[in-house]
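Each chain is listed here by its residues.
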Amino acid sequence: MNFDRVIAVRNTKTIYRDGDRCIKVFNQDYTSADVLNEAFNQAMASESGLSVPKVKSVSENDGRWSITSEYIIGKSLAQLMDESPDKTDEYLELFVDLQLKIHSKRCPALKRLRDQMNRKIKNSGLDATDRFALHTRIDLMPKHNKLLHGDFNPSNIIISQSGTPYILDWSHAVQGNASSDSAITYLTFMLSGDTYTAERYIEMFCEKSGTDIEYVKKWLPISAVAMSDKRHGEEKNFLLRFAEESINRKR
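Computed from a predicted structure; not experimentally measured.

Another aspect to go through is the pattern of salt bridges. Under the defined criterion, the tally for this structure stands at 10 salt bridges. Across the pair Lys208 and Asp97 runs a salt bridge, and its minimum N-O distance is 3.0 Å. Here the residue Lys208 occupies a position in helix 7 (residues 195-209), and Asp97 occupies one in helix 3 (residues 88-103), the gap between them amounting to 111 residues. Two residues, Glu235 and Arg231, come together in a salt bridge whose shortest N-O distance is 3.0 Å. Arg231 sits in the partly exposed class, given a relative accessible area of 22%. A single network of salt bridges, built from pairs that share partners, joins Lys24, Glu38 and Asp169.

This part is about the nonpolar core. Phe95, Trp170 and Tyr201 are the most contacted members of the largest nonpolar core, which totals 56 residues. When residues no more than four places from it in sequence are discounted, the contact partners of Trp170 are Glu38, Asn41, Gln42, Ala45, Leu50, Val52, Ile102, Leu147 and His149.

Of all the six residues making up strand 3 (residues 21-26), five are buried; the element is thus mostly covered by neighbouring parts of the structure. Bridge analysis of strand 2 (residues 13-18) against strand 3 gives six bridges, and the strand direction is antiparallel. Bridge pairing links Arg17 to Cys22 in strand 3. Hairpin remark: strand 2 followed by strand 3, antiparallel, with two residues in the connecting loop; positive phi at Gly19, about 65°. Across five bridges, the pairing between strand 3 and strand 5 (residues 64-70) is antiparallel. Paired with Ile23 across the two strands is Thr68, which belongs to strand 5.

Put simply, helix 6 (residues 178-191) and helix 9 (residues 220-228) touch, their axes get as near as 9 Å, and they point 65° apart. Accordingly, the angle class assigned to the pair helix 6 and helix 9 is roughly perpendicular. Between helix 6 and helix 9 the crossing geometry is right-handed. On helix 9, the residues touching Ser180, Ala183, Ile184, Tyr186, Leu187, Thr188 and Leu191 of helix 6 are Leu220, Ser223, Ala224 and Met227.

What follows concerns the sheet that holds strand 8 (residues 157-160). With respect to topology, three strands assemble into an open sheet ordered 6-8-9, the strand pairing being antiparallel. Where the open sheet ends on each side, the last strands, each with one partner, are strand 6 (74-76) and strand 9 (165-167). Averaged over all neighbouring strand pairs, the angle between strand axes comes to 30°, with direction disregarded. Bridging between strand 6 and strand 8 involves three bridges; their strand directions are antiparallel. When the bridges of strand 8 are listed, Ser76 appears paired with Ile158.

Time to look at the pairing of strand 4 (residues 55-61). Relative to strand 5, strand 4 runs antiparallel, the two being bridged by six bridges. Opposite Val55, over in strand 5, you have Ser69 as the bridge partner. What sits between the antiparallel neighbours strand 4 and strand 5 is a turn of two residues, in which Asp62 has the positive phi angle 55°.

The rules behind these values
Every residue gets a number counted from 1 within its own chain, in the order that chain's sequence is written. The model is predicted, so local features are restricted to residues of pLDDT at least 70 and side-chain atom pairs to those at 80 or more, both for listing and for counting; the totals for chains, interfaces and linings are taken over all residues. Heavy atoms from the whole structure form the basis of all side-chain values; hydrogens and water molecules are not counted. The term salt bridge refers to a pairing of a side-chain nitrogen on Lys or Arg with a carboxyl oxygen on Asp or Glu at a separation within 4 Å. Every helix listed is a DSSP run of H or I at least four residues long, and every strand listed is a run of E at least two residues long, numbered separately from the N terminus. With a 1.4 Å probe rolled over the protein chains alone, any residue whose accessible area is under 20% of its type maximum counts as buried; one over 50% counts as exposed, and the rest are partly exposed. In this description, a nonpolar core means a group of buried Ala, Val, Leu, Ile, Met, Phe, Trp, Tyr and Cys residues linked to one another through side-chain atoms lying within 4.5 Å. Pairs of residues are marked as contacts when any of their non-hydrogen atoms sit within 4.5 Å. Pairing between two strands is assigned when DSSP locates at least 2 bridges connecting them. What counts as an axis is a line fitted to C-alpha atoms, over the stretch in contact for a helix, and the angles between N-to-C directions run from 0 to 180 degrees. By definition in this entry, angles of less than 35 degrees are roughly parallel, angles greater than 145 are roughly antiparallel, angles of 65 to 115 are roughly perpendicular, and the rest are oblique. Crossings are assigned a handedness: left-handed for a near helix turned anticlockwise from the far helix by less than a right angle, right-handed for a clockwise turn.

Nothing here speaks to function; it is geometry throughout.
Structural data, given as C-alpha cells:
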C-alpha cells in the first residue's frame, strides 16, 4: 500500500489514495468495533442501490485500523459550490434530491436513531430537566425506519467524472426519522457560518419532501445534542447552547 498520497487530514483520521483505492486510516482512539461498524454501514448503503464507494477491505496495522474503498475521481459538491456561488440553488437542488433518495431506502440491519439519540442525550452533560425534555420529545416523535446518513453535507458528496454523485462517510448512518437528518444538515451549515445556505436548504428540503418546517425544527435541539457528542471547544458549546435555548423557548 502507498501511504504517501494524502487526500485529506481530519482530527481523528487521515485519508490516502493508492491507485484506484482510497484508504481511511483512523487514529488509535478508534476501536475495531467503531471501524467495523462504519464499514458495515457503508456496505449496507451501497447494497441499497445508492452510489457509494464499495468497501474493499478492513485491516489493522500498528494499532491503527483502516477501511479501504474504491477511489472516486471527481470534485466534492462543496468544492463546486465554492467555485460557482452563482449556482448555489442549482447545487442545493441536487443536494436535497440526493438526500431524499437516501431517505427512500431501508436498511433494517442498521442501528436505530432513537437508541443513538437517547444515549447521546444521556451523556451530554445537560441538566436533568433538559435531558428529560429531550427524551420526552423523542418519545413523542413519529417512529420511522428510513435510511439516514447522519452527516449529510456537500463535502461528503463527490461528483464523478461521469457526473454521478457518490455519497461518502457513513459512520453516523442509522435508520429512523428523516427530519432528524435534515436538522443535522441545517445545523452543519449554521456551524460553518453559512446562514443563507442553511435557510435556503431547509426551505428546499421541506418543499420537496412535503414536510412542515416547524416539524423539522422540533428535531433541532435533539440533533444539536447528538452532534455535540464528537465536537470540541466552541463548536460543542454552540450546539449545547442552541439545544438549551430551544428547549427553554418551548417552556
